[in-house]
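Breakdown of the fold
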Amino acid sequence: MAEAAICPIDAQFSGEISTLLSSPPLPQVQEYFEALVSERQCSGIKVIPDSEHGKGVHSQFDFEENDLVLKDRMLVGAQHSSNKIDCLVCSFCFQFIGSIELQIGRKLYLEELGVSPFNECGPSDQMECSSSSEKINLSQDIIQSLMNGSLQLPYSEKFRLPSAVPCPGGCKEAYYCSKSCAEADWDSFHSLLCIGRGSSALNTEALLKFVKHANETNDIFIVAAKVISFTVLRYRKLKQQGKLDTSKSSSSCIFPLLLEAWKPVSMGFKKRWWDCIALPEDVDSCDESEFRMQIKDLAFESLQLLKEAIYDSECAPLFSLDIYGHIIGMFELNNLDLVVASPVEDYFLYIDDLPPSQKKEAEKITKSFLDALGDDYSISCEGTAFFPLQSCMNHSCIPNAKAFKREEDRDGQAIIVALRPILKGEEITISYIDEDLTYEERQELLADYGFTCKCPKCIEERP
Ligand SMILES: [Zn+2]
Ligand SMILES: [Zn+2]
Ligand SMILES: [Zn+2]
């Protein structure tokens, strides 16, 4: 039986922690979402607090079928660790970068190196191992020539990607589509989580250990660390802007600033991870409490490593196990996947669609690469993200809207389109699950989100 993890910060700052975890006052919630809606220019929707679900999103005018309802930017997100081998994307907006040649060459190169996908999966098992069977190996020279640009694939100029801008901190881990994404990421998250020389982390060795632990257990810890880094950096900015009376920097005047810095995160629905995580099928229900204890211990281990790397005493409550558990629970409960379709897939589809003679000519060069990639040629960028407005949309098994990326949506934004005409004032709903499942199957899956569905379809089909 695992020992219960004890975190001294939890005891010392219990008052501050419960304030951080309580729902903000209603007028503040309304003001926050009104500002977001106008920033996102999606005036067709309004977030309305409701007693049953906490919040709901309602339409402000009539939508036709296929109309764009919302384009939501993420508050925090990260590409899955295992997916980093497959796709090179901007670490801030998640669009593909470099070139088609670089995408293909880099993937083949990393596979050849035997950089193993981190497939020792943790409790939330999201990582799949790429199917590397029966692939044809290409020579290192050819792979290098793809990566260094000396080999250009036919028609790749039709699929131009922004060139990769390296991290200003020099970590050689994060790359961007532009200088502005590099700067935005640096200011909001990365300056504290960078392992390069320019990092403002306390201890980059510890940071490496933290990342390794997350890669070997569950990469949800990496997004959780980004939430903490985001809040610490926001806190420091607020403080710098002179919103703190430095003559008396006692905890009583520091805390309101921390609370303000935490505000965007406070708006997300949260529960403690080890309390809300669904019991995996292979865990017997009589082992449930031990399972939950193990999850809690895993989070504790991760948090200790993170604390060693980026602890800030003025933001101490953020480094409590309770806050850490709630941040992870926020990602678990909101089921918001980050997905960006791959231009490499589009490229090979384009080649396949060429008129026969041109296709034959092109395939003389492209076929060996397609064979070497195998089924992996179409892997999209995948990760976990928190989208503040999309996360307010309630579930229905007969939803009137859905998450759907259109041809032009080439980055990590969430796109919601109307599935059918939506009338002004109607609640906008999406389905969190496959709505074609049976009543029982649906309810079982929805239990993971902590509710019983009472949509019209469920009321009708209820035994
Ligand atoms: Zn970008
Ligand atoms: Zn960096
Ligand atoms: Zn339902």
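Look up: the structure comes first, before these words.
Our subject in this report is the structure included herewith. (Residues numbered from 1 in each chain as written. Chains lettered and ligands numbered in written order. Predicted model: local features only at pLDDT ≥ 70, side-chain atom pairs only at ≥ 80, totals over all residues. Heavy atoms only, no water.)

**Focus: the side chain of Ser380**
Considering the arrangement of structural elements, one finds Ser380 in the loop between α14 (356-373) and β8 (381-386). The class for Ser380 is buried, based on a relative accessible area of 15%. Contact partners of Ser380, with chain neighbours within four places excluded, come to Asn83, Cys87, Phe96, Val339, Val340, Ala341 and Ser342. (Helix = DSSP H or I, 4+ residues; strand = E, 2+ residues; numbered from the N terminus. Buried < 20%, exposed > 50% of the residue type's maximum accessible area, 1.4 Å probe, protein only. Contact = heavy atoms within 4.5 Å.)

**Regarding helix α3 (residues 26-39)**
When the terminal C-alpha atoms of α3 are compared, their 20 Å separation across 14 residues agrees well with the 20 Å that a helix rising 1.5 Å per residue should span. Taken together, the buried positions of α3 are Val29, Tyr32, Phe33, Leu36 and Val37. All buried residues of α3 project into a common sector of 130 degrees when viewed along the axis, lining one side. Exposed positions of α3 whose direction lies more than 90 degrees from the buried face are Pro27, Glu31 and Ser38. Phi for Gln41, located one or two positions after α3, is positive at around 50 degrees. (Expected span 1.5 Å × (residues − 1). Arc of directions from axis to C-beta.)

**So, the coordination of the zinc ion (ligand 3)**
Every protein donor of the zinc ion (ligand 3) is listed here as Cys397 (SG), Cys453 (SG), Cys455 (SG) and Cys458 (SG), and their distances to the metal cover 2.2 to 2.3 Å. Sequence spacing among the residues donating to the zinc ion (ligand 3) works out to C-x55-C-x1-C-x2-C. For the pair Cys453 and Cys458, one class covers both residues: buried. (Donors = N, O, S within 2.8 Å, 3.2 Å for Na, K, Ca; no water.)

**Quick notes on the packing of aromatic side chains**
How two aromatic rings sit relative to each other is set out by the distance from centre to centre and by the angle between their planes. In this structure the tally under the stated criterion is 14 aromatic pairs. Seen in terms of ring centroids, Phe61 and Phe63 are 5.1 Å apart; in terms of plane orientation they differ by 50 degrees. Their pairing is tilted. Given a relative accessible area of 39%, Phe61 falls into the partly exposed group. Classification of Phe63 as buried rests on a relative accessible area of 4%. Ring plane angle 65 degrees and centroid distance 5.1 Å describe the contact between Tyr311 and Phe319, whose orientation is recorded as edge-to-face. The ring of Phe404 has Lys402 lying over it, and the distance from NZ or CZ to the ring centre is 4.6 Å. (Phe/Tyr/Trp six-rings, centres within 6.5 Å; stacked < 30°, edge-to-face > 60°. Lys NZ or Arg CZ within 6 Å of the ring centre and 35° of its normal.)

**Some points on unusual backbone geometry**
Positive phi, close to 70 degrees, is recorded for Asn66, a residue that is not glycine. Position of Asn66 relative to the elements: it lies in the loop between β2 (54-59) and β3 (68-72). Judged by relative accessible area, which is 57%, Asn66 ranks as exposed.

**Observations regarding the sheet that holds strand β7 (residues 337-340)**
A sheet is described by the order of its strands in space; here three strands give the open sequence β4-β8-β7, paired in antiparallel fashion. Taken across any chain shown, the strands that pair with only one partner, and hence form the sheet edges, are β4 (76-79) and β7. For this sheet the average axis-to-axis angle between neighbouring strands, irrespective of direction, equals 30 degrees. (Pairing = 2+ DSSP bridges. Axes fitted to C-alpha atoms, helices over the stretch in contact; angles between N-to-C directions.)

So far we have only geometry, and geometry alone does not tell us how the molecule works.
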